[in-house]
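Chain by chain, the residues run as shown.
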Amino acid sequence: MKELVLIAKDFTPIAVEREAQGISRPSLSYWQDAWLRLKTNRRALISLFIVVGLLVFTIAGPWVWTIDPAAQDLDQLSSPPGANRQAIIVTPYLPWSGITADPDPILGQAIGATAEIRLAQPATTQAVRLEWDPVPGATGYRVYRNLYSPEPDGALGLPIGEIYDARRISYEDLLDLRPTRFWYSIVATDDLGQEVAEYTTLVVNVIRVVTVDEAISDGLVGPNVVPKLGDEVFVKLHPLGTDYLGRDMLARLMYGARVSLFIGIIAPLFFVLIGILYGSAAGFIGGRVDQFLMRFADFVVALPFLLFMILFKIAFGIGPGESGIVPMLVALIVLSWPATARLVRGQILQIREEAYIGASQLLGAKTYYLILRHMIPNTLGVILVTITFAVPTVIFVEAFLSFIGMGVAPPTPSWGSMCNEGIQTMLNHPHELIFPALLISITVLAFNLLGDGLRDALDARMRSRE
Amino acid sequence: MNDLKSGTRDALTRTASTQLIWLGLAATIGFAILMGLLYWVSALTGSHTATLDAIDEESGTVTLLLRTEPPQLDSTRATDSVSISVLGHVMEGLLRFDENNQLAPGVAERWEIREDGATFWLRPDARWSDGVPVTAHDFVFAWRTAISPATASEYAFILYPVKNGESINSGNLPVEALGVRAVNNQTLEVEFEQPLAYFEELVAFSTYHPIRESFYHSREGRYGADVDDLLYNGPFEMTLWVHGAHVRLEKNPDYWDRERIRLNVIDMPYFTTDATSALNLFKDGKVAVMDYLGAEQLNEALQQRWQLKRFGDGSVWFLAFNFSPDRVTSNWHLRKALQLITDPSELVNRVIKLPGNLPGESLFPVWLQGVNTFFRQEYPVPKIELNLEAAREHLQIAMEELGLDNPPSIALLVDDSPGAAKQAEYFQNLYGSQLGLEIRIDRQIFKQRLAKMQNQDFDLAVYGWGPDFADPLTFGELFASWNPNNNGRFNNTEYDESVRLAQSSLNPQIRMEAFARQQEILIEEVALIPNYERGRVYITDRRLQGVVRRAVGPDPDYTNAFISSD
């Protein structure tokens, strides 16, 4: 039989291992939980990425794309994205005195069309110089230009030149020349100054040209390359095209976003902050003070925004041609807080009556602890959602005010003012309207969907679900 | 449990989205059907208007568009082009403009202009639309009414050449002192304030139209306010005026030269300033004329193969300066610097892009007649060479003289039309990038812009001036120190003397030399920077012939128009 040896350790009591409720997953804070829930909401997540992308586009964009948004490229007006940029290097433009001839004065003879039209020089975007054979008996000529052939019904197109001197048999066209094909027609006029029925047409293919100086100053050739006449280069790149004054659309969109997003983020931050302070004060104090404060908020709601915007503009001494952004910001902040204030007051009033507040008070919680620890966190969801819904509204207000000319001063772009400019050229150059309009729509939609997602994610009562 | 829950939820979401898609689809289709129905209903009820053509050869009717309702058909008060155009159809003065824009006899059969006055012999068959003859008394009454300070006509100044006109208008003399007298029913005697070279041009203007005194008083202040409140003596009479909606003119059977008039009805049931809707009306064949096209509509017009025409509307557009001593623009070197870098050709050809505009070189447009041929051919404008270096030097001097360290900031006043905004931004960039000037664009609605100009609340302003009569004086006078429209208060003694000489002299040679001197002074002093002479591109239906466009007088003019059958 084996001897049992006992040591002191054997006499310690056996600990009872009680398997209580085990926390199988790591504990989640309020924010982590909200983030988890937001992550599962695909729409909100994509919107979040879009918002971040927009911020990067706005803040970092101008460092990458360093084109001055106010610089006017008069050689590329209203050019759509992806336009042909080939150009030939030529000598600078020199004025042309034209060609005159003395036609035989044959009177009484029927006036016909000119025998031939020639190009006095190759047709370029600098100038198209036409000369033609004199028409006997003509008192002058009319020059027409078309984008289509005048045949068969004699639609000659744009009346670009009137010549009242019978001896002048040349015309220099400088009007809005683009690298395209033009049909030039010459019609003679009779002694009453009326056009005759016959005409002669010349088809001209215009080529894009730049001068040596332009090629160097615009950096179209390499840094150490000396451009030669006749070299082929590519004119300045505008990825999203240019507007009606040849300004780069991409640069303008980036700078325009600065104005739109600046207003769109600063204004809601401020008026929501004011709204929280005002609303929580009213809600927490309650009684007569609450009544008074909320009636004042009602009064502010009734004030017309546009009128105040104009009044602030005058009060701030904003002269004509100066930016109206600051008065717009002030007017937005001063007039938009009551909505948040009402919302927060309602929440606070509700929370004040909750049982856990009473319990907390019984346990000796001070007022500031109650507000910081219980009231604010429980209203935070509402507040954040208000902000995200306010952002698109404010962006829209800015766009609208710039659209009617109350916002930014030219040449500063903003999406709204760009839309306003683009709408005038909508039919011929749709890209000038589409890009800013698209950006406004995307931004507003993204903020709305994000706000929607945040409302679900931040709702504290949904925390224990799932 | 969790899996099951989320599975159910996924299924629910899927069903919900399917439902949503079906709902959207149904809504779209339903909407389309509704629209189709509405279109069908409107076609049923409005078929008689839908099939109406802009030109009806059988009845001699032409349908047209008016830019706005005529604001004022009282000829003594009318100032705008729409009113003047309508008045040109329903009224006739002593003289009128014919289809070649030459002066032709109107109510006056013949006339005689002397150094101290003029005599007009009225035709006996000129009739008001109620059959009563037009007499010399009607002219005396109309002119007295127009000049009377009680009428407060904006165009009273156009009667100043008639003796005592200015004193009467400023209230110093009674209206009876006006130098016009009816010798008998058929003879009108006019006395001039001073010798006058262009009186024939003036009497064709609408302020000089006749008004019958008895009728004017019978309307009790409503003269010209409605169809029944006007008497007509022109080729047409107004038969319908629905305010804000519709104006119809019909051939006046009492008009003395009725054989000349070939249209029976001019119907104007559309009022719009919107170029796009005007274009659509023309495209649909609802109107026969589109009186001007914007740069944005040219491509469409080319595509539609319309026959485009061009005419110069006579107006000159320029940058006006404020010469008040407290403004930086009163500095000659600053103005010179701007002049040396402004290229009107680039503005016209690259920025405005409308065919028809001519690059501006002078205050006096190319169409003005000189002694023998065009004024500008006889007296060419001194050429200005663009020179950036010189411009910068002038700016430097200007800054020293003004005691500035940095290039000044300048307010540019423009109206709120899209074209004006575009020009303003072009100038802003030009002067900003080349000279470093900060240009603040002050966009105002038309009336506010005029008010600001009159209050001299501007540095630079985009300004246009249209002629009142076809003589260089209508432009030259603009910069005379006493002219209320000289908003920048340009004040030059030699210029004033030269204007007075042109006003009083009867010798064409002396007058044209005076205008040439004015042209030089304006350029030397940089009183303005010419931008362009405005031209208009317009389209008429190919069947409508004989439409006259003109710089001076009623425009557009359909009195000579006719419908050709081919």
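Here the structure is a predicted model, which is why all the values come from computation and not from measurement.

Visitor: Looking at this model, I keep getting lost on the nonpolar core. Mind explaining?
Guide: Residues W143, V287, F318, L412 and L528 of chain B are the most contacted members of the largest nonpolar core, which totals 232 residues. The element contributing the most residues to this core is helix α5 (residues 249-285) of chain A, with 16 residues. Leave out the neighbours within four places in its chain, and V287 of chain B touches A54, T63, L64, L65, Y270, L281 and F282 of chain B.

Visitor: What is the right way to look at unusual backbone geometry in this model?
Guide: The omega angle of the peptide bond from E151 of chain A to P152 of chain A is -5 degrees, so this bond is cis rather than trans. With respect to the helices and strands, P152 of chain A occurs in the loop between β4 (140-146) and β5 (158-163). You will see that A152 of chain B, though not glycine, has its phi angle at about 55 degrees, which is positive. Assignment of secondary structure puts A152 of chain B in the loop between α4 (136-147) and α5 (165-169). In this structure A152 of chain B comes out as exposed when scored by C-beta crowding, with 10 C-beta atoms within 10 Å.

Visitor: Is there a simple way to think about helix α8 (residues 275-283) of chain B in this case?
Guide: Counting along an α-helix, one turn takes 3.6 residues, and residues three or four places apart therefore face a common direction. Residues and elements named next belong to chain B. Taken as a whole, α8 has its buried residues at A278, L279, L281 and F282. Seen end-on, α8 carries its buried residues on one side only, within an arc spanning 160 degrees. The elements touched by buried residues of α8 are β2 (61-66), β11 (265-271), β12 (289-290), α9 (298-303) and β18 (528-540). Of the residues trailing α8, G285 is marked for its positive phi of about 70 degrees.

Visitor: Is there a simple way to think about the pairing of β4 of chain A in this case?
Guide: For a regular strand, side-chain orientation follows a simple rule: the groups alternate between the two sheet faces. Residues and elements named next belong to chain A. Counting buried residues along β4, six of its seven residues qualify, which places the element largely inside the surrounding structure. Of the pairings in the sheet, the one linking β4 to strand β7 (residues 181-189) comprises seven bridges and is antiparallel in character. By the bridge assignment for β7, V143 is matched with I186. Relative to β5, β4 is paired through five bridges, and the arrangement is antiparallel. Looking across to β5, one finds that R145 is bridged to L158.

Visitor: Please explain the sheet that holds strand β3 (residues 128-132) of chain A as it appears in this structure.
Guide: Whether parallel or antiparallel, the strands of a sheet pair through hydrogen bonds between backbone atoms. All names here are of chain A. The strand order β2-β3-β6 describes an open sheet built from three strands, whose pairing is antiparallel. On the outer flanks of this sheet lie β2 (117-119) and β6 (170-173), each paired with one strand and no other. Strand-to-strand twist in this sheet, taken as the mean axis angle between neighbours without regard to direction, amounts to 25 degrees.

Visitor: Where do I start with the sheet that holds β11 of chain B in this structure?
Guide: All names here are of chain B. Ordered by their spatial adjacency, five strands build an open sheet running β1-β2-β11-β10-β9, and the pairing between neighbours is mixed. Each edge of the open sheet carries a strand with a single partner, namely β1 (55-56) and β9 (236-242). With four bridges joining them, strand β10 (residues 246-251) and β11 adopt antiparallel strand pairing. The partner of R248 across the bridge, within β11, is D267. In this fold helix α3 (residues 81-90) packs onto β2, β9 and β10, with an angle of close to 135 degrees to the strand it touches most, β9.

Visitor: How do you make sense of the interface of chain A and chain B when you look at a structure like this?
Guide: The extent of an interface is frequently quoted as the accessible surface area lost upon association of the parts. In this complex, chain A contributes 30 residues to the contact, which on the side of chain B involves 30 residues. Top element by residues in the side of chain A that touches chain B is β5 of chain A. It accounts for three residues.

Visitor: Explain the packing of helix α7 (residues 305-315) of chain A against helix α8 (residues 325-352) of chain A to me, please; I cannot follow it from the model alone.
Guide: When two helices pack together, their arrangement is given by the angle between the helix axes and by the axis-to-axis distance. All names here are of chain A. Where α7 contacts α8, the axes come no closer than 9 Å and their chain directions differ by 135 degrees. By the angle between their directions, the pair α7 and α8 is classed as oblique. The chirality of how α7 crosses α8 is right-handed. In contact with F305, F308, M309, F312 and K313 of α7, α8 contributes P327, M328, V330, A331 and L335. In terms of residue class, the contact of α7 with α8 is built from nine nonpolar, no polar and one charged.

Conventions used here
Residues numbered from 1 in each chain as written. Chains lettered and ligands numbered in written order. Predicted model: local features only at pLDDT ≥ 70, side-chain atom pairs only at ≥ 80, totals over all residues. Core = buried A, V, L, I, M, F, W, Y, C linked by C-beta atoms within 7 Å. Buried ≥ 20, exposed ≤ 12 C-beta atoms within 10 Å, placed from the backbone. Helix = DSSP H or I, 4+ residues; strand = E, 2+ residues; numbered from the N terminus. Contact = placed C-beta atoms within 7 Å. Arc of directions from axis to C-beta. Pairing = 2+ DSSP bridges. Axes fitted to C-alpha atoms, helices over the stretch in contact; angles between N-to-C directions. Parallel < 35°, antiparallel > 145°, perpendicular 65-115°, else oblique. Left-handed = near helix turned anticlockwise from the far one by under 90°. Nonpolar A, V, L, I, M, F, W, Y, C, P; charged D, E, K, R; others polar.

These figures capture arrangement, not role.
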